[in-house]
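Remarks on the overall topology
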Amino acid sequence: MREQTLPGGKERTIESLIWANPAENLQQSTSTSNSTNSTEQPRLFSIGGSNSITEWDIKHGIPIINYDCNAGVIWSISINSKQDKLAVGCEDGTVVVIDISGGRGVMEHELILQRQNSRVLSLTWYNNDMIIGGCSDGRVRCWSYDDSSKGRLISTLRVDKSQKESTLVWSVLALPKDNQLVTGDSTGCVKFWDLKHSVLKQSFNSHEADVLCLCTDLNENKIFSAGVDRKIFNFTKISNNNKKNSKWVNSSNRLLHSNDVRTMTCFESKKLDLLVSGGVESAVSYTHLRAHETRRHL
């Protein structure tokens, strides 16, 4: 049941949303269990068609702050696992890191990563020491966020070239447990990369058009991909006795939407597991995560 609607800004779109949960950061620090910050509510950020990040007042449905990143139009956004840094990728190739550790309504410029010229279409953090961007020139770029080389471009991966135009890397997803990266691009390919050696491990030409979004379960044993062809594919990890020899298989696909699928996320709890997807159409799809290929659409 829908609980609330935020009206958004006049003549502006909402292209991506990010939740920041302050409790995640508090649990990683030494305990101040009685601190007033321990009851701080999750924060909601959005981007869309401008060079600003908007933080929302969820209770009143209005913006708290519009933060100008002083770069090109923002195409992508990601948050680190500590929940205290945002990275945004821009049309002019700039990647800007924003510090949000100051609390509600506070965003502070921290760093611009080593520059390159291609539009940054997708972003993900790898743990808290690397930022990975999918770009409009068919390349995936990895920047260090380690203290010794913070902001430096350390490796570049290349996806397959399209015969008609430059390949667009629309989606990137980090799998820290296996030191892997998953990418989805405009050729319809889903690729699995070994980040330790910066090499391609597996490639699946599953989709008939652009792959716009990726997501994984908590254990990183299932990957879901979707995009312009409307299908949601499920890739499952098959592990041998030797974990290093694990492989991914394309285990199933389902057609649940009548138009482009733009975003997906997984939700898991003791009593419920869901894959939630949405896109151009007004409807949101809910399916069972652990039995995606057999259980009925909710």
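Our subject is the structure that appears above.
This section reports on the structure supplied with the text. (Residues numbered from 1 in each chain as written. Predicted model: local features only at pLDDT ≥ 70, side-chain atom pairs only at ≥ 80, totals over all residues. Heavy atoms only, no water.)

**Here's the deal with the sheet that holds strand β6 (residues 85-90)**
Either a parallel or an antiparallel arrangement is found when strands of a sheet pair, and the pairing is made through backbone hydrogen bonds. Applied cut-off: Between any two strands, at least two bridges found by DSSP are needed for them to pair. Numbering of helices and strands runs from the N terminus; a helix is a DSSP stretch of H or I covering at least four residues, while a strand is a stretch of E covering at least two. Every axis in this analysis is a line fitted to C-alpha atoms, fitted for helices over the stretch in contact. Angles between the N-to-C directions lie between 0 and 180 degrees.
With respect to topology, four strands assemble into an open sheet ordered β5-β6-β7-β8, the strand pairing being antiparallel. The open sheet is flanked by β5 (74-79) and β8 (108-112), the only strands paired with a single partner. Taking each pair of neighbouring strands and ignoring which way they run, the sheet shows an average axis angle of 25°. Here strand β7 (residues 95-99) runs beside β8; their pairing, made up of four bridges, is antiparallel. Opposite valine 97, over in β8, you have leucine 111 as the bridge partner.

**Describing the packing of aromatic side chains**
Formally: Put simply, two rings from Phe, Tyr or Trp (the six-membered ring, in Trp's case) pair if the centres are within 6.5 Å, and we call them stacked under 30 degrees between planes, edge-to-face over 60, tilted for the rest. Partly exposed describes any residue whose relative accessible area lies between the buried limit of under 20% and the exposed limit of over 50%, with all areas from a 1.4 Å probe on protein chains only and scaled to the type maximum.
Per the stated rule, a full pass over the model turns up six aromatic pairs. Here phenylalanine 192 and phenylalanine 204 contribute two aromatic rings whose centre-to-centre distance is 5.9 Å and whose plane-to-plane angle is 85°, an arrangement assigned as edge-to-face. A residue pair is termed long-range when its members are at least 10 positions apart, and phenylalanine 192 in strand β15 (residues 190-194) and phenylalanine 204 in strand β16 (residues 199-204) qualify at 12 residues. Exposure remark for phenylalanine 204: the relative accessible area of 16% places this residue in the buried category. Where phenylalanine 233 meets phenylalanine 235, the ring centres are 6.5 Å apart and the plane angle is 25°; that geometry is what we call stacked. Neither residue differs from the other here; phenylalanine 233 and phenylalanine 235 are each classed as buried. Joined through ring pairs, the aromatic side chains of Phe192, Phe204, Phe233, Phe235 and Trp248 make up one cluster.

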